[in-house]
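Descriptive structure summary
Spelled out, the chains give:
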Amino acid sequence: MAVQQAGNDSAALVRNLEGYLARYPDSPRRAAIYRVLVESEMRLENQKAALDYAEKAIAIEPNDGQTMFLAISLLEKNGDDASLTRAVDYDTRLIDRVSKANPEARSSSMSLEQWQEARTKFSMNLYLIRGRIQHRLHKDDEAQKDLTVSFNMMPNANAALNLGEMAEERKQADEAIRQYAAAFLL
């Protein structure tokens, strides 16, 4: 009823679902409701509330990779050290989960090659994001490792660009030029 009464009004949906959760705080549907609240708050461009609901959903369902990936993005946008540290934690958890993913659990419509390619691309992006965040936290050794892993998994301009920026900061002109050239070519 809360969803039907809101129609297409995201703000009304948020109010209705928050009211539902206030009446039924132990509802077995909490995780799903939090995910709907995340989507609604994102449509309303309320990233702080979206992040709050995403983290509540993750607390209930720690294997919700999609919500965790969104939380990483929102935490990175916050930019403060505490948010970035939480983003690194979530990213590390996703990297671990992806590395242990069982190819037999893939969709029947996806071939093994498609699954492996998607897994490699997702892993590459996770290492890229974690490296970028580590750099912002001034953990440059960890950042360089992650960015290098990302680039080695699948050559990508973003990893090369970040590695070039780090080399430039360390006054390693030749390495910076090499990385910038790779980024340009990619």
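Here the structure is a predicted model, which is why all the values come from computation and not from measurement. (Residues numbered from 1 in each chain as written. Predicted model: local features only at pLDDT ≥ 70, side-chain atom pairs only at ≥ 80, totals over all residues. Heavy atoms only, no water.)

1. A few points about the nonpolar core
What counts here: The definition of a nonpolar core used throughout is a set of buried Ala, Val, Leu, Ile, Met, Phe, Trp, Tyr and Cys residues joined through side-chain atoms within 4.5 Å. Think of it in three bands: with a 1.4 Å probe and only protein chains considered, a residue is buried below 20% of the maximum accessible area for its type, exposed above 50%, and partly exposed in between. Per the convention used, a helix needs a DSSP run of H or I reaching at least four residues, while a strand needs a run of E reaching at least two, with both numbered from the N terminus. Note on contacts: a residue pair is in contact if any heavy atoms of the two residues lie within 4.5 Å.
Counting residues in each nonpolar core, the largest one holds 32 residues, and the members touching the most others are Y34, L37, Y53, A71, I72, Y90 and I133. Taken together, the elements giving at least two residues each to this core come down to helix 2 (10–23), helix 3 (30–43), helix 4 (47–60), helix 5 (65–78), helix 6 (81–99) and helix 7 (112–136). Leave out the neighbours within four places in its chain, and Y34 touches L21, Y53, K56, A57 and I60. Ranked by size, the runner-up nonpolar core spans six residues in total, among them A143, A159, L163 and M166.

2. Some points on the side chain of N156
We apply this condition: Two N or O atoms count as a polar contact when they lie within 3.5 Å, although within protein this holds only if one can serve as hydrogen donor and the other as acceptor, and sequence-adjacent residues are included solely when both atoms are side-chain atoms.
Structurally, N156 is set in the loop between helix 8 (140–153) and helix 9 (157–169). In terms of polar contacts, N156 uses its side chain to reach the side chain of S150, at 3.2 Å. Excluding anything up to four places from it in sequence, N156 contacts M124, L128, S150, F151 and L186.

3. Side note on helix 6
Which entries qualify depends on this criterion: Take the residue count of a helix, subtract one, and multiply by 1.5 Å to get its expected span.
Taking 1.5 Å as the rise per residue, helix 6 with 19 residues should run 27 Å; its terminal C-alpha atoms sit 27 Å apart, in good agreement. Contacts made by the buried residues of helix 6 are with helix 4, helix 5 and helix 7.

4. Examining unusual backbone geometry
Even without glycine at this site, E45 takes up a positive phi of about 60°. For E45, the location among the structural elements is in the loop between helix 3 and helix 4. Residue E45 is classed as exposed on the basis of its relative accessible area of 71%. The phi torsion at K171 lies on the positive side, around 65°, for a residue other than glycine. The topology assignment puts K171 in the loop between helix 9 and helix 10 (173–185).

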